[in-house]
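What follows is each chain in one-letter form.
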Amino acid sequence: MSTGVRVMVVDDHPMWREGVARDLTEAGHLVVATSGEGRQAVRVAAAARPDVVVLDLQLPDISGVEVIRGLRAALPEVRVLMLSASGEPQSVLDAVKAGATGYLVKSAAPAEFLDAVRRTAAGEPVFTPGLAGLVLGEYRRLAVGPATPDAAAPRLTDRETEVLRLVAKGMSYKQIAERLRLSHRTVQNHVQSTLGKLQLHNRVELTRYAIERGLDD
């Protein structure tokens with residue numbers, strides 16, 4: 001049996017916060033902390049050291065985007081899954097640019113949410129259906145074109161480059177594994193190796209790196 005994910009839940013509605021924490025606990029995860037305010041969440045997270053922070057966009061003191069920045073400064077390796085009532089494109093893009101790994105609207109089914117927590121902990125970008133294309137489209141818009149090859153850039157293996165191309169197309173680990181006839185674990189290992197070589201933190205950053213270099217063509 002796999003080990004549960006260490007999760008912190010940040011939401012200013014007590015009943016919602018407690019319900020999410022209960023669902024996580026019943027699914028075998030460890031809720032290490034909860035908070036209803038952004039600044040408190042950043043302080044508590046530094047001590048609780050969660051793997052994943054489930055974060056609401058709207059908080060009474062500071063915005064969820066500001067919380068993401070504070071969390072990433074205090075815990076660079078933490079993964080942030082936004083769970084918000086808003087599916088507005090700008091809200092999604094602001095959260096991802098600040099460092100969120102995924103973004104779900106609160107109308108998501110419990111099973112979808114629990115799967116998103118597991119995938120977020122593994123570093124996979126997770127989005128409510130329809131939002132993944134929005135994020136990829138924005139990265140393409142920001143990219144000024146394929147980057148000039150850098151002689152000092154880390155050298156990736158042919159397989160790592162192949163996986164990176166599929167990541168840039170927005171494919172999940174499962175889809176990549178099926179396409180290349182590899183195990184899910186092997187794909188994860190290639191992605192983690194590539195992240196390490198490129199000194200990136202998650203698949204969202206990796207996707208942007210690949211698109212900026214024209215690897216999504």
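Residues numbered from 1 in each chain as written. Predicted model: local features only at pLDDT ≥ 70, side-chain atom pairs only at ≥ 80, totals over all residues. Heavy atoms only, no water.

**Q** Outline empty space enclosed by the protein, supporting the account with residue identities and numerical values.
**A** Here the structure, examined in full by the defined rule, presents one cavity of 30 Å³ or more. What lines the largest cavity is Val 9, Val 10, Asp 11, Trp 16, Val 20, Val 54, Leu 55, Asp 56, Leu 83 and Lys 106. Elements with a contribution of two residues or more to the lining of the largest cavity: strand 1 (6-10), helix 1 (14-26) and strand 3 (52-55). Within the lining of the largest cavity, the residues separate by chemical class into seven nonpolar, no polar and three charged. (1 Å grid on protein atoms, 1.4 Å probe; cavity = no way out; pocket = protein on both sides within 12 Å on 5 of 7 lines; lining within 4 Å. Points joined across faces, edges and corners; volume = space filled by probe spheres on them. Helix = DSSP H or I, 4+ residues; strand = E, 2+ residues; numbered from the N terminus. Nonpolar A, V, L, I, M, F, W, Y, C, P; charged D, E, K, R; others polar.)

**Q** Provide a residue-level description of the nonpolar core, including the pertinent values.
**A** Leu 55, Ile 68, Leu 71 and Met 82 are the most contacted members of the largest nonpolar core, which has 28 residues in total. Counting only elements with at least two residues in this core, the list comes to strand 1, helix 2 (38-48), strand 3, helix 3 (64-74), strand 4 (79-84) and helix 4 (89-98). Ignoring anything within four residues of it in the chain, the contact list for Met 82 reads Leu 55, Asp 56, Leu 57, Ile 68, Ala 95, Ala 100, Gly 102, Tyr 103 and Leu 104. With 20 residues, the next largest nonpolar core counts Leu 180, Leu 198, Leu 206 and Ala 210 among its residues. (Core = buried A, V, L, I, M, F, W, Y, C linked by side-chain atoms within 4.5 Å. Buried < 20%, exposed > 50% of the residue type's maximum accessible area, 1.4 Å probe, protein only. Contact = heavy atoms within 4.5 Å.)

**Q** Any details on the packing of helix 8 (residues 173-180) against helix 9 (residues 184-198)? Residues and values, ideally.
**A** Contact geometry of helix 8 with helix 9 gives a least axis separation of 9 Å together with a crossing angle of 110 degrees. With respect to helix 9, the axis of helix 8 lies roughly perpendicular. From helix 8, Tyr 173, Lys 174, Ile 176 and Ala 177 reach across to helix 9, where they touch His 184, Val 187, Gln 188, Val 191 and Gln 192. Classifying every residue of the contact of helix 8 with helix 9 by side-chain character gives five nonpolar, three polar and one charged. (Axes fitted to C-alpha atoms, helices over the stretch in contact; angles between N-to-C directions. Parallel < 35°, antiparallel > 145°, perpendicular 65-115°, else oblique.)

**Q** Which residues make up the confidence of the model for the chain, and what are the values?
**A** This prediction gives the chain a mean pLDDT of 82; 85% of its residues lie at or above 70. Per-residue pLDDT, averaged within each element of the chain, yields its smallest value for helix 6 (residues 131-142) (57) and its largest for strand 1 (96). Confidence drops under pLDDT 50 across residues 143-151; counting only partners more than four residues distant or on other chains, this segment forms eight contacts. (pLDDT = per-residue confidence, 0-100.)

**Q** Quick one: what's the story with the pattern of salt bridges, residue by residue and with numbers?
**A** On inspection of all chains with the given rule, the structure shows eight salt bridges. Close ionic contact of Asp 115 with Arg 118 constitutes a salt bridge, the shortest N to O distance being 2.4 Å. Placement of both Asp 115 and Arg 118 in helix 5 (residues 110-121) is noted, with a separation of three residues, approximately one turn of the helix. Taking the relative accessible area as the measure of exposure, Asp 115 reaches 29% and is therefore partly exposed. Here Arg 118 falls in the partly exposed class, since its relative accessible area comes to 43%. Connected through shared salt-bridge partners, Asp 115, Arg 118, Arg 119 and Glu 124 make up one network. (Salt bridge = Lys/Arg side-chain N within 4 Å of Asp/Glu carboxyl O.)

**Q** So, the sheet that holds strand 2 (residues 30-35): which residues are in play, and what are the values?
**A** Remark on secondary structure: sheet strands pair via backbone hydrogen bonds, oriented parallel or antiparallel. Strand order across the open sheet formed by six strands is 2-1-3-4-5-6, with parallel pairing between neighbours. What marks the edges here is a single partner per strand, and that holds for strand 2 and strand 6 (126-127). Bridge count for strand 3 against strand 4 is four bridges, and the pairing is parallel. In the sheet register, Val 52 faces strand 4, and the bridge partner there is Arg 79. Those strands touched by helix 5 are strand 1, strand 3, strand 4, strand 5 (102-105) and strand 6, and its axis lies near 155 degrees from that of strand 4. (Pairing = 2+ DSSP bridges.)

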